[in-house]
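The chain contents come next:
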Amino acid sequence: MKLNRTTPLLILLTVLLAGCSGAAQPESASRELFAMDTLMSLQISGPDGQEALDAAVTELQRLDALLDRNEPDSDLSRLNAAAGSGTPVALEEATLDVLEEALLCSADSGGAFDCTIAPVMDAWGFGGSGDNYRVPGDEELAALLPLVDSSALLVDRDAGTAQLTQAHMEVDLGGIAKGYAADSLTALLAEYEVSGALLDLGSSTMAALGERPGGGAWRIALRDPADAEQRLGVLSLQDQSLSTSGSYERYFTQDGVTYHHILDPETGYPAETGILSVTVVGENAALADAWSTALFVLGEDKALELWKSRDDFDYILCCFDGRVLVTEGLEDCFAFEGDAYGYTCEILRR
Amino acid sequence: MATPVRSSGAEGLRPTPGDLVLILLVAAAAVALLFALRPHGGTEALTVRVTVDGETVAEYALADYTEAVQVAVDGVSWPLVLELSADGVRVAESDCPGGDCLRTDAIHSAGEQIICLPNKLIVSLEGASNAPASDIDAVAG
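Residues numbered from 1 in each chain as written. Chains lettered and ligands numbered in written order. Predicted model: local features only at pLDDT ≥ 70, side-chain atom pairs only at ≥ 80, totals over all residues.

Below, the discussion takes up the packing of helix α2 (residues 49–67) of chain A against helix α7 (residues 177–189) of chain A. When two helices pack together, their arrangement is given by the angle between the helix axes and the distance between those axes. All names here are of chain A. Running from N to C, α2 and α7 cross one another at 150 degrees; their axes reach a closest spacing of 10 Å. By crossing handedness, the relation of α2 to α7 is classed as right-handed. Contacts between α2 and α7 pair Ala-52, Ala-55, Ala-56, Glu-59, Leu-60, Leu-63 and Leu-67 from the former with Ala-177, Ala-181, Ser-184, Leu-185, Leu-188 and Leu-189 from the latter. Looking at the contact of α2 with α7, its residues break down into 11 nonpolar, one polar and one charged. (Axes fitted to C-alpha atoms, helices over the stretch in contact; angles between N-to-C directions. Helix = DSSP H or I, 4+ residues; strand = E, 2+ residues; numbered from the N terminus. Left-handed = near helix turned anticlockwise from the far one by under 90°. Contact = placed C-beta atoms within 7 Å. Nonpolar A, V, L, I, M, F, W, Y, C, P; charged D, E, K, R; others polar.)

Now the structure itself:
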C-alpha cells in the first residue's frame, strides 16, 4: 500500500480524536480535611502532586494546632491565658507572623479589623461551636469593649514572644488564619514540581495557583449571598487568592431580629453597613482575609477610599440594594451573572 | 472531443482503493480509541458514603431502600441519624451544636454532600459520574 498526501490527514484525524478523550490530563492529587473549624479541599496537579499534597496537609494541621484558641495547648491559648500577667509568652515563628500581620491590618484599617475582639465574640456566642448564641446587654458590651485593643498586643520578634498587657483580653485569629495558611501553602508548593493548585480553605478563603487541569485560569463561582443555589458571577484567577466575608455565613435570629457574626470592633454589635458580602482578591491571602472583614465593617464609601489608597487588592462588594460593585482590577476576570437574579453591576475606577 | 489533460501531479493525488481502506481502518481505530478512553458515565446506582474525620464508616446503596429507613452513624461525637431512601439522603436527627447539618436539604445527585463540622462528618452521594459536568472549579462564599 503506497503512502501519499492523504497520510498526514489520517494521522491528524487520529491525534484529534484521541485528544478529545482527555486522556492526557496531568497527574492530580486531591484531599478533603477538617481544619480551622471548616472543611478544606486541596487539589494539586503536577509530577509532585501527591507529595506536595501530603506536605500541605501536614502544614495545615501544624498551623491549626498552633492557632486554634479552643485547643488548650495551642500557642494562641497560651498567649490568651497569660493575658495581664506581665510575662511574655514564647511562640512559634508562624504564630508571631500571623499576629504581626493582624496588627498591621488593624492599623491600616483604622481598627475595622481587630484580632482582639474575641471577648465580644464570645459574649455573642460566635466564638464557640455555635450552640450558645445570645444577644448581650448594652452594659455587658460596654464593659467588654475596652478589652478590644490591638495596641495592648505586643509582639517581640527578636525575643520570639508576644503578650497581652490587659487581663481578660483574648486574641482570635479566625479572620486571618486561613489566609495566612493559604500563603504558607503557596510558599510550600513552590518547593515542588507543581503545575497548578486550588487551595479551598473552607469556601471563604482560596488560593488559585498556576493553571487548572486542562489549562487556563481557575474558574471560581461567587455565590449569591441571598441564595446559595445562585451565583453572582465567575472569577478567573491565576496565582491569586480570594477571601469572602458575608453576613450569611454565621448568624442567629432572636425575637425576629437576625444577628450575624461580623462584629464592629467599635460598637461590639454586628456591622450594619448595607453590605451582604465582600470578596477581596489579591496576591497576599492573609491580607485578603483580613480586608474582607474590614471592608464589610467600613461600608461602601470607606472601602472605596481605602482601595484607592492602596494597590495590593481589588474587591467585589454585594449591597443590600442589589448593586454589585467591582473594582477595575477585576473587570477583565469577573464574568457577572447576577443580572439573572435582579442584581446590577458597577465598575469602580480610581 | 479532446481528451482532458491531466498532470502527473494530479495523478499522484488521486486516492487508490488501498487509501480508502486505510482511511476507514484509521477512522475506525480512532473512534474506538475515543470511546475506550472517554470518562466513564452512565446511570449507575447511587451510593451513600459516610466519612468521619476522613475515615469511611458506612456505605449504603440507595437502590436497596425502596422505603425510607433511618440509620444512626457510628463514631461521631454528637449522635446523628440519617434517613435513606431511593430518592436520596438527609440528616433526620442531630445533637450537634449549631445543627447546620439538620437544616441542610436532602441530597439527590452524585457529587452532592452534607457536612457536619462538629462531627467532622461528610455524607457524599457517589455514582457513575461523581460530579456533574461543570466549568467551575470551586464556589466561593
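Having seen it, we continue.
Another aspect to go through is the pairing of strand β2 (residues 38–45) of chain A. All names here are of chain A. Extensive coverage of β2 is indicated by the burial of six of its eight residues. Turn length for the strand β1 (residues 28–35)-β2 hairpin, with the two strands adjacent in sequence and antiparallel, is two residues, and the turn residue Met-36 shows positive phi of about 50 degrees. With five bridges connecting them, β2 and strand β6 (residues 196–200) associate as antiparallel partners. Residue pairing across strands places Gln-43 opposite Leu-198, the latter belonging to β6. (Buried ≥ 20, exposed ≤ 12 C-beta atoms within 10 Å, placed from the backbone. Pairing = 2+ DSSP bridges.)

On to the packing of α2 of chain A against helix α4 (residues 93–108) of chain A. All names here are of chain A. Here α2 crosses α4 at 70 degrees, and the two axes come no closer than 10 Å. Between α2 and α4, the angle is such that the two are roughly perpendicular. For α2 against α4, the interelement crossing comes out right-handed. In this structure, α2 contributes Leu-63, Leu-66 and Leu-67 to the contact, and α4 contributes Ala-94, Thr-95 and Val-98. (Parallel < 35°, antiparallel > 145°, perpendicular 65-115°, else oblique.)

Bringing the sheet that holds strand β5 (residues 161–164) of chain A into the picture now. Residue and element names in this part refer to chain A. Taking strand neighbours across the sheet as the criterion, the three strands line up as β3-β5-β4 in an open arrangement whose pairing is antiparallel. A single partner strand is all that each edge strand has here, and the edge strands are β3 (89–90) and β4 (153–156). As judged from the four bridges shared by β4 and β5, these two strands associate in the antiparallel manner. Looking across to β5, one finds that Val-155 is bridged to Ala-162.

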